[in-house]
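Here is what each chain is made of, one letter per residue.
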Amino acid sequence: MFHTLHPVLLISTFVVNKILPRTAQSSFYIVVATAMELATEQLFPNSINKQVGGSNRTLQEVLQIVLLGFSITCLILSGLFKSESDTDNKKPNNQIKNKNLILKYETREYKNNVKQYQIPVYCGKADQVAPLSNATSPLHLHVEQTLKLPTQDIYKPHFAKLMDDADKLSFTKNLFHVPENITYMCGNSLGLQPKSLQAMLQNHLDKWAHVGVKGHFTGDYPWFEIEDFLVDKMARVVGAKPIEIGIMNTLTSNLHSLLTAFYNPTDTRYKILIEESPFPSDMHAITSHVLSRRINKSPEQVVIQVGAKPGSDIITTQDILDTITQFKDELSVVMLGAVHFMTGQFLDLEAITKHAHQYDIMVGFDCAHAAGNINLKLHDWNVDFACWCTYKYLNSGPGNIAGLFVHERHADASMKELPRHGGWWGHARKTRFTLTNKFIPQRGAAGFQCSNPSVTDCLSLLSSLEIFDRAGIDALREKSVLLTDYLVLLLKAQKELVGEIEILTPSDVQRRGCQVSVRVLKRDMDQVNKDLDSRGVVCDEREPDVIRIAPTPLYNTFQDVYRVVCEITKVFSK
Ligand SMILES: Cc1ncc(COP(=O)(O)O)c(C=O)c1O
Ligand SMILES: Nc1c(O)cccc1C(=O)C[C@H](N)C(=O)O
């Protein structure tokens, strides 16, 4: 039987076991064995029933024994080599990575058979971690050296400190004005002020005072081309090409401009799909836009909404795709909030776009709660258009200038194909000042501009985008995932919060950004938020019962998260 352990067999078994899941392997070997027997019958039809050598067995019987041995040996060997697919299935359902940190959770069974919910297994440099064999000490933290901590230490403040000490992005917090004695968790509504902004604005004011109109073409930031200092940086934040980025107006007015271009109603295709409870401004924009177009349809006939199933707060991707399919011949545009302002759910932009494009439907997203929060890939996901404000995660200050995305494939569309609100700033730069009345839009998103932008607005945005460039959107997202997961882990571990709160935000890290929305179940939500406020925790609330907590990787720490959960627990313990 030893010849069956031939190296070829070993290698093929290894390969098969790497590729196929355990369940498919036995079928594979049986098929191979049967195929070999059939092949022998075909090749040696005369010898198959003859006796072999001095034995009283026919060649066929001998073959069957050898092939049976082959199958059994392969199955035994399959135990030695682990299938990739098998390992995938066993991967802990939650593994979040920072560049140098890895924090893993898995369910462990203890000796008394009590199943623990997710606990940290190890935390350390990504290339150093090794699974623990010993359940009594399930947390390993490698920072400079390996430290062993008891499991429950993740719930203690020194764990938060160790995480902060190991955080490569800890330098960014000091680049912002963080309100004194406050744990600020409200970047989802208004981001904090970059410290560099004051000097930038002062220089701008000095320049204006000293050179007046000449400032359009002089100094560090000539006003005539002020948006050029922003476009590349913004493109990196939202995963776009510079040609696809416009810095202009405000979010809602940009949405109107984009609908002018992309909403092209015909007698049969005139519907717009939006989520069931969008941020009100989006719905106001769509319904008033429909009226402004004076088409023969009312907003009620135009708008279709897709929502969560009863009893759930989360809209499934499948429900969105099914709604698109259902109205495929009537839909002109799909326009959804990329991250939902209330629940924090991040939609699968790529899947939605791909699906709608099959039916020639234009797809756009309101990225107010996604830009600077999620590492978006608007270009790669083929999104047609998007718009966002910059005062939330992009820290440019209240009511500041907004961003707009138009995919590169529309860059050269004619005014007939993609009508734009004309204005001199969107006009070809070379002839911006020539007295021509013919509007020739710049290529790409820049052609959507109407007016010259506010320079103070642009500098405010620039001060923040420079920090994004230093930190990198991917690294920020990695830290964000860790922070938010830590927040959820701590919230779930407080027995005082059981029955008092419910987390609405998806537990899947791929389907959320940094915001965690918590429903207050029994108490007055407004009072809870006031109590948090009086304890120095700034979150925000949305009627009727939701508190939004957003640990923002640029200026929040693990210790901030720890403190917020302590204060929330105290409020609910009263
Ligand atoms: C999802 C969403 N859309 C639209 C808006 C409106 O933005 P703006 O006032 O900048 O037009 C906001 C926030 O105010 C928002 O959160
Ligand atoms: N811009 C705001 C304001 O001036 C006052 C109060 C709230 C806002 C907001 O931006 C709210 C935010 N869009 C939200 O998600 O609720």
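Residues numbered from 1 in each chain as written. Chains lettered and ligands numbered in written order. Predicted model: local features only at pLDDT ≥ 70, side-chain atom pairs only at ≥ 80, totals over all residues. Heavy atoms only, no water.

## Quick word on the overall build of the protein chain
The helix and strand inventory of the protein chain stands at 16 helices and 20 strands. Per-residue burial for the protein chain yields a buried fraction of 51% across its 574 residues. Long-range pairs, those at least 24 residues apart, make up 65% of the contacts in the protein chain with a sequence separation of at least 6. Surface exposure of the protein chain reaches about 27,100 Å², of which carbon and sulfur atoms provide 55%. (Helix = DSSP H or I, 4+ residues; strand = E, 2+ residues; numbered from the N terminus. Buried < 20%, exposed > 50% of the residue type's maximum accessible area, 1.4 Å probe, protein only. Contact = heavy atoms within 4.5 Å. Areas by Shrake-Rupley, 256 points an atom, 1.4 Å probe, with all protein chains shown as cover.)

## What about the packing of aromatic side chains?
Within the structure shown, the criterion is met by 13 aromatic pairs. With a centroid separation of 5.1 Å and 40° between ring planes, the pair formed by F217 and F224 is classed as tilted. Measuring from ring centre to ring centre gives 5.7 Å for F224 and F433, while their planes differ by 20°; the resulting arrangement is stacked. Here F224 is found in the loop between α6 (197–211) and α7 (228–238), whereas its partner F433 is found in the loop between β15 (402–406) and α13 (455–471), with 209 residues between them in sequence. The exposure class assigned to F433 is exposed, which follows from its relative accessible area of 53%. For the cation-ring pair, K297 lies above Y270, with the distance from its terminal atom to the ring centre recorded as 4.7 Å. Here the basic side chain of R432 rests over the ring of F224, its NZ or CZ set 4.9 Å away from the ring centre. (Phe/Tyr/Trp six-rings, centres within 6.5 Å; stacked < 30°, edge-to-face > 60°. Lys NZ or Arg CZ within 6 Å of the ring centre and 35° of its normal.)

## Some words on the packing of helix α15 (residues 525–534) against helix α16 (residues 558–573)
At a minimum axis separation of 10 Å, α15 and α16 run at an interaxial angle of 130°. Judged on the interaxial angle alone, α16 and α15 are oblique. Handedness of the α15/α16 crossing: right-handed. Contact residues: V528, D531 and L532 in α15; E567, I568, V571 and F572 in α16. Here the residues of the contact of α15 with α16 sort into 5 nonpolar, no polar and 2 charged. (Axes fitted to C-alpha atoms, helices over the stretch in contact; angles between N-to-C directions. Parallel < 35°, antiparallel > 145°, perpendicular 65-115°, else oblique. Left-handed = near helix turned anticlockwise from the far one by under 90°. Nonpolar A, V, L, I, M, F, W, Y, C, P; charged D, E, K, R; others polar.)

## Regarding the site of ligand 1
Close contacts around ligand 1 come from L251, T252, F279, S281, D282, D366, A368, H369, Y391 and K392, and that covers them all. With respect to ligand 1, the side chain of T252 contributes an N or O atom lying 2.5 Å from an oxygen atom. Take D366: an N or O atom from its side chain is 2.6 Å from a nitrogen atom of ligand 1. Coverage of ligand 1 by the protein chains reaches 82% of its 390 Å² of free accessible surface. Classifying every residue of the shell around ligand 1 gives 4 nonpolar, 3 polar and 3 charged. (Near = heavy atom within 4 Å. Polar contact = N/O pair within 3.5 Å; in protein donor to acceptor, adjacent residues only side chain to side chain.)

## Some thoughts on the UniProt feature "modified residue: N6-(pyridoxal phosphate)lysine" (unreviewed entry) in the protein chain
Feature annotation in UniProt assigns "modified residue: N6-(pyridoxal phosphate)lysine" (unreviewed entry) to the following positions: K392. Structurally, K392 can be placed in the loop between β14 (385–388) and β15. Note on K392: relative accessible area 10%, which makes it buried. K392 has contacts with G187, N188, S189, L190, G191, A368 and H369, leaving out every residue within four places of it along the chain. (UniProt positions renumbered as here; feature names shortened; annotations may be inferred.)

## Description of the sheet that holds strand β12 (residues 331–337)
Think of a sheet as strands paired side by side through backbone hydrogen bonds, with each pair either parallel or antiparallel. Read from one edge of the open sheet, 7 strands run β9-β15-β14-β13-β12-β10-β11, paired in mixed fashion. The two strands at the open ends of the sheet, each matched to only one other strand, are β9 (245–248) and β11 (303–306). For this sheet, the mean inter-axis angle between neighbouring strands, taken without regard to orientation, is 20°. One ladder, built from 3 bridges, connects strand β10 (residues 271–275) with β12; its direction is parallel. Along β12, the bridge assignment pairs L273 with V334. Against the sheet, α7 makes contact with β9 and β14, and its axis sits at roughly 115° relative to β9, the strand it touches most. (Pairing = 2+ DSSP bridges.)

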